[in-house]
Amino acid sequence: MKVSFGTMSITQSAKDKIVELLEKGAVSSGKTVRDFEEQFAALIGTKEGVAVSTGTDADMLALAVLYDFGAKRGDEVIVPALSFVATGNAVLHAGFTPVFVDIDRNTLNINPCKIEAAISKKTRAIVPVHLMGKPAQMDIINDIAQKHKLYVIEDAAEAHGAVYKGKNIGTWGHMSAYSLYVAHIISTIEGGIVLTDNPEMADILRSLRSHGRFCKCKQCVISAGEITCKKRFVNGQDRRFFFERVGFSSKMNELEAAVGLGNLAIFNDILDKRHKNLIYLIDSFQQFAPVLTTISEGKDEKIGPHAFPVLVSKDAGFSRDELVAYLSDNNIDSRNLFLSMPTQCPGFEFLGYSLGDFPEAEFAGDQGFHIGVHQDLGEKECDYFIEVVAGFVRKSR
Ligand SMILES: Cc1ncc(COP(=O)(O)O)c(C=O)c1O
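This is a predicted model, so every value here is computed, not measured.

Caption draft 1: Spotlight on the overall build of the protein chain. Scanning the protein chain from terminus to terminus reveals 12 helices and 18 strands. Against the compact-globule benchmark of 21 Å for 397 residues, the protein chain has a radius of gyration of 22 Å, which places it among compact chains. The C-alpha extent of the protein chain, read off along each of the three principal axes, is 80 × 55 × 35 Å. The buried share of the protein chain, reckoned over its 397 residues, is 49%. Contacts spanning at least 24 positions in sequence make up 73% of the contacts within the protein chain whose residues lie at least 6 apart.

Caption draft 2: Summary view of the sheet that holds strand β8 (residues 167-168). Pairing within the open sheet is antiparallel, and its 3 strands lie in the order β8-β7-β14. Two strands in the sheet have a free side with no partner beyond their single neighbour: β8 and β14 (301-302). In this sheet, β14 lies alongside strand β7 (residues 163-164) in antiparallel orientation, the contact comprising 2 bridges. By the bridge assignment, tyrosine 164 is partnered in β14 with glutamate 301.

Caption draft 3: Representation of the environment of alanine 316 in the model. With respect to the helices, strands and loops of the structure, alanine 316 is situated in the loop between β15 (307-312) and α9 (320-329). Each C-alpha atom, one on alanine 316 and one on leucine 292, is 7.9 Å from the other, the two residues being 24 residues apart in sequence.

Caption draft 4: Spotlight on the pairing of strand β5 (residues 123-126). Relative to β5, strand β2 (residues 76-80) is paired through 3 bridges, and the arrangement is parallel. Its bridge partner lying in β5, isoleucine 78 is registered against isoleucine 126. Looking at chain direction, β5 and strand β6 (residues 151-155) are connected through 2 bridges and run parallel. In the strand pairing of β6, isoleucine 126 is matched with valine 152.

Caption draft 5: Region of the structure containing the site of the ligand. Near the ligand you find 15 residues, and of these Thr54, Gly55, Thr56, Ala157 and Ser179 are the closest. Sorting the residues of the shell around the ligand by element identifies α3 (55-64) and α4 (86-93) as the ones contributing at least two each.

The rules we used
Residues numbered from 1 in each chain as written. Predicted model: local features only at pLDDT ≥ 70, side-chain atom pairs only at ≥ 80, totals over all residues. Helix = DSSP H or I, 4+ residues; strand = E, 2+ residues; numbered from the N terminus. Rg over C-alpha atoms; globule rule 2.2 N^0.38 Å. Buried ≥ 20, exposed ≤ 12 C-beta atoms within 10 Å, placed from the backbone. Contact = placed C-beta atoms within 7 Å. Pairing = 2+ DSSP bridges. Near = placed C-beta within 6 Å.

As C-alpha cells, this is what we get:
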C-alpha cells in the first residue's frame, strides 16, 4: 500500500481542451483563463476573480493593490507566525514589513486575541491564513480590522470550499488569495487566483499581473491573438505600453486554465471525497490523544479539506521525525507542518525576532506534520495509515 501526499485530476474535457488550444496555437492568457476566473469566482461567491501564476503571486499582488489605497512601501502587514513560507515571502516581495502574531495550537491559525498588540501606526492590513483549510476566526478578525481601518486579505491557498459561520471563506476579506498548485483542492498544476467584490481592486490586479500596465479590461484576450480592443489607442497612442504602477509578470496560461476548468466541473466530488477522508482521520485519531493531536471541525464551520495535520506531544516518547521516517518506510508520504517563519526560517533572521517569541508556532514547526486526504485516497488508505501509526505508537511507548 502507498499513501501519496498529493494527486492531480486532469479530466477528459481538460485534455480535449488542451489539444484544441495547442492546435489553435492559442496558449497564452485568453478566453479560457477568463472563463476559469468567472467560474471560480462564482463558485466561491465573489464578483471578480483574477488568475495569476502562483498562490504566492496571488498573495503578493493582492498586497500590492494596497499602494493604490494609501499604503506606502515599508508599511506593516500582520500575518500568523505559522504558515507555508510563501505567506511571509509575499509580504516582503510586495514591499511591506511582515509583523508576526502567534497561532492558537488548537486551530493552527492566527490567535485573534494577540492581533491588537501587534498593530502600529504603520499597519495597513491583516493576512489571516486558513491553514489546512481550517477557517480563521474571520468575524473577530474583521471587527479588529474595521476598528483600526485595516484591509483584510485572506490567504485561502489551502481553503477551497471552506465555510465559516454560514459564509464562504474567501468572501470575508477585501480580497482573498488562492493557490492552485498540484496538491491543492482545485488545481491548474501551477497557478493562483485573487477574488474580490471590489471592481477597482480587480482592475488594479489585472494591471499588476501584466507589468502594471494601463490596459486592464476584464474581457481582454489580446494576447490570444484576438486583437479586438477598442480602448487600445487613445489619441493615436498605444495605451498597452503605458505603465501606471510597479507591476509583476504573473499571468496564467490557457493550458493551466483548461486543467482548472476540468477541476471545477468535478469540484463537488473532489470536495466530498477529501472531506470524508479528513473527518474519518480526525475521528479515528481520538484514540491517540493526547500523544498525537489534530484539529477539529466546529459546528459553525466546514474545513476546506487540504490535508490532515498531526502534532506529536513533547512527552510522546518518540520524536516527530522518528514517526515521519517510520511512515516513509511504510510508503506513507508526509510533509512537516511548516515552520514559525520569523524564528525557524533563516531567511527572516534580518527582521530581528528570537527563538521563543512564537512558542505555539514553533511547537508546530518542531512537532507537526501533515499527510494527504486527496480524492484518490479512500477508507482503505486511511485505515492503513491509522494501522501504521498505531503500530509505531505501541512499539515506541
Ligand atoms: C498557506 C499558503 N500560502 C501560499 C502558498 C503559495 O502557493 P503557491 O505554491 O501556489 O505559490 C501556499 C502553497 O502551498 C500555502 O500553503
